[in-house]
Amino acid sequence: MNVIVCIKRVPDTEARIRVDGSGTGIDKTGIKFDMSPYDAFAVEAALRLKEAAGEGDVTLVTLGDSSSQETLRKGLAMGADRAVLLTGDVSLDGLSTAKTLAAELDGMDAELFLFGVKAADDDQQQVGPMVGALTGRPCVSGVSRFEVNGGTATCHREVEGGSEVVEVDLPAVLCMTKGPNEPRLAALKGIMAAKKKPLEEKPAAENPSRVRLVGLSEPPARAAGRIVGEGADAVPELVRLLREEANAI
Amino acid sequence: MANVLAFAEQRDGQLGSAAREAVSVAARLAEASGGTAHALVLGGPGVSSAAAGLGMYGAAAISVGEHDALADYNPEAWVGTVVDQIRSGDYAAVIFAATTLGKDLAPRVAAHLDVPLASDVTGVDMSGGTVTVTRPVFSGKAFANLEIDASPALVSIRPNVFQATEQAGAGEVSTFTPEIDAAGLRLRVVERKGASEGTVDVAEASVVVSGGRGMKGPEHWDLLEGLRAALGSGAALGASRAVVDAGWRPHGEQVGQTGKTVAPKLYIAVGISGAVQHLAGMRTAKTIVAINRDADAPIFGVADYGIVGDLFDVVPRLTEEVEALKAGD
Ligand SMILES: Cc1cc2nc3c(=O)[nH]c(=O)nc-3n(C[C@H](O)[C@H](O)[C@H](O)COP(=O)(O)OP(=O)(O)OC[C@H]3O[C@@H](n4cnc5c(N)ncnc54)[C@H](O)[C@@H]3O)c2cc1C
Ligand SMILES: Nc1ncnc2c1ncn2[C@@H]1O[C@H](COP(=O)(O)O)[C@@H](O)[C@H]1O
């Protein structure tokens, strides 16, 4: 069974984000980039599926600039078989991204199309379900783990205050959240092997963004907090402040 | 003149704060542009009885689609009806709540209508028919101001950020029965495990009591549960990733970059150091309280109020004081 995983290159979760001089971009100096954390869960799920089945190909797809090669190589080093880099602009219009990815995915032969539930840069949480709708495939979002049985997948998903088990017909789009399996680290052997794996680079289909970025700003600094006191003796004062000053209880 | 539609989400036949907030935002935008606000509710037979109350939040017309297949959420059953309703209404904007359901449904609707969606916004305005939004990006480390160049503009609003505002007026409820091919659904919910009766999800709670590795072990969570209960029915438990990874708490409670994003009125971090990935999930809370024995813990850098001390002393006392306060109300 073939699996496609869409991954995105984003700033490392530790990165300090500063708005650059243009006011619409971030200052990239000193920032490390990496595969978006949820996408790493999706790659891990795909690799486990392949290992359990003993057959099938795992293909990674990214829309981005040529620096995304590094992210794809990391996925290949984890164990994916091949990668496709669609070179083009990434905007804050998730539908534009989804259309570009859908155009590529439509022609690919796979039973499962895995996404992260959200990309750690734009936090839109939308591209996966959009690709599902655009390609006419059913989609389950927020999947922490799944099993494949014949023509269906049984997905465990988290919902408000509970959980669900959803059965979906294949081929399907699944948007992965954190699951029981930590994404593996690439071993040296994997890194060496990745260098020889196919990485196809081609221009992305263009879908203009209909979301205009007017400006980017850093969050308003929270007013300097206050240490109310030490130990349990500080509690009455804390409760008073929460009631009278913060109006929070 | 521009009309605005609110998708008002029901759960178990009840319309909660997600629905009220979406309708209030729709009413504000409609008013600013001389239009009216409408609400759309989907649910099982009988759900319309709960829908009339939305008029109080500014919905002039409330359409209620009732069908057995809509009693519980299934995107395949729901999306078509939502798309049809939006198409038939000539709306300038459609407001969803960025709940689990809204985040699942809205992108599908956007793709079917071929319009962009701004997710999880913390600010939205409309003037001259153009919708502008503010939304956190990079896990809240920056905010983007965006202009949506499409009609209708689809927006999902972050829970707890927008005020649900009551106003005079009643909405007119009309009920319809959508056509749904229940046998043709390609996904089926085969099991639903609800949370225990009366608990709210951490992502929607107005108060969150969150525990970290400083709690020492799962057996001490009754301490936090006591504090949560004292704070009332809108309060929920949260957790850091360290305790979720250790298996002390379920992932559904995890707050942060790889967990949930919360924006409650009050967030109490107990024995949590305040790593950037944790802050990513809770920095937009209105008031943050930190209890930590390490005065240098980064959590104090974002906390409005902090107590430096042993949580095993501080939390029981806090529970007592809150109980006493509430008893006096
Ligand atoms: C890609 C990625 C994603 C991540 N996503 C998340 C996420 O979504 N959410 C998240 O929370 N983390 C996330 N993390 C992990 C994060 O970096 C931290 O490791 C984690 O938040 C630490 O959890 P903690 O604060 O409970 O534990 P610790 O950092 O160990 O802190 C425990 C705190 O408890 C205090 N303490 C100990 N004993 C007591 C006592 N008796 N009384 C009072 N205080 C006490 C200590 O002083 C300390 O500050 C992520 C990391 C990565 C790399
Ligand atoms: N530029 C991109 N290239 C490849 N996959 C992407 C891209 N943007 C988003 N995705 C996928 O869609 C998921 C959700 O992204 P988003 O809707 O932007 O939060 C991500 O976790 C990826 O799996």
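Residues numbered from 1 in each chain as written. Chains lettered and ligands numbered in written order. Predicted model: local features only at pLDDT ≥ 70, side-chain atom pairs only at ≥ 80, totals over all residues. Heavy atoms only, no water.

### Examining the environment of A:V127
All names here are of chain A.
Then, in step 1: Relative to the helices and strands, V127 resides in helix α4 (residues 127-135).
Then, in step 2: Taking C-alpha positions, V127 is 9.8 Å from A102, a pair spaced 25 residues apart along the chain.
Then, in step 3: When residues no more than four places from it in sequence are discounted, the contact partners of V127 are G94, T97, A98, L101 and F115. (Helix = DSSP H or I, 4+ residues; strand = E, 2+ residues; numbered from the N terminus. Contact = heavy atoms within 4.5 Å.)

### Brief notes about the side chain of A:D122
Then, in step 1: Tracing the chain through its elements places A:D122 in the loop between β6 (112-116) and α4.
Then, in step 2: Within the local environment of A:D122, its side chain forms a polar contact with the side chain of A:K8, the two groups lying 2.9 Å apart.
Then, in step 3: Residues within four places of A:D122 in sequence aside, it is in contact with A:K8, A:L92, B:R135, B:P136 and B:V137. (Polar contact = N/O pair within 3.5 Å; in protein donor to acceptor, adjacent residues only side chain to side chain.)

### Considerations on the site of ligand 2
Residues and elements named next belong to chain A.
Then, in step 1: Residues in contact with ligand 2 amount to 18 residues; listed here are only the nearest, C6, D39, A119, D122 and Q126.
Then, in step 2: In the model, an oxygen atom of ligand 2 is placed 2.6 Å from a nitrogen or oxygen of the C6 main chain.
Then, in step 3: Residue L63 places a main-chain N or O atom 2.9 Å away from a nitrogen atom belonging to ligand 2.
Then, in step 4: About the coverage of ligand 2: the protein hides 99% of its 480 Å² of free accessible area.
Then, in step 5: Here ligand 2 occupies the second largest cavity.
Then, in step 6: Only β4 (58-64), α3 (94-105) and β6 provide two or more residues apiece to the shell around ligand 2.
Then, in step 7: In terms of residue count, the dominant contributor to the shell around ligand 2 is β4 (3 residues). (Near = heavy atom within 4 Å. Areas by Shrake-Rupley, 256 points an atom, 1.4 Å probe, with all protein chains shown as cover. 1 Å grid on protein atoms, 1.4 Å probe; cavity = no way out; pocket = protein on both sides within 12 Å on 5 of 7 lines; lining within 4 Å. Sits in = over half its atoms within 2 Å of the grid points.)

### Some thoughts on the pairing of strand β16 (residues 266-270) of chain B
Residues and elements named next belong to chain B.
Then, in step 1: In terms of burial, β16 is a largely internal element, 5 of the 5 residues being buried.
Then, in step 2: Burial along β16 is two-sided: the face carrying L266, I268 and V270 and the face carrying Y267 and A269 are both buried.
Then, in step 3: Summarising the sheet, strand β14 (residues 207-211) and β16 pair through 5 bridges and their orientation is parallel. Bridge assignment links V207 to a residue of β16, and that residue is L266.
Then, in step 4: Across 5 bridges, β16 lies against strand β17 (residues 287-292) in parallel orientation. (Buried < 20%, exposed > 50% of the residue type's maximum accessible area, 1.4 Å probe, protein only. Pairing = 2+ DSSP bridges.)

### Examining the interface of chain A and chain B
Then, in step 1: Counting from both sides, the interface comprises 83 residues of chain A and, opposite them, 88 residues of chain B.
Then, in step 2: For the pairing of chain A and chain B, the buried interface totals around 7,100 Å² over both sides, and the portion due to carbon and sulfur atoms is 54%.
Then, in step 3: Ranking the residues of chain A by area buried against chain B places A:E160, A:R210 and A:R222 at the top, with a combined share of 11%.
Then, in step 4: With a closest N to O distance of 3.2 Å, A:R212 and B:E147 form a salt bridge.
Then, in step 5: For the pair chain A and chain B, the interface holds 44 residue pairs in polar contact (both at pLDDT 80 or more).
Then, in step 6: Considering each element in turn, the side of chain A that touches chain B owes the most residues, 8 residues, to strand β9 (residues 162-169) of chain A.
Then, in step 7: Classifying every residue of the side of chain A that touches chain B gives 40 nonpolar, 17 polar and 26 charged. (Buried area = accessible area lost by both parts, 1.4 Å probe. Salt bridge = Lys/Arg side-chain N within 4 Å of Asp/Glu carboxyl O. Nonpolar A, V, L, I, M, F, W, Y, C, P; charged D, E, K, R; others polar.)

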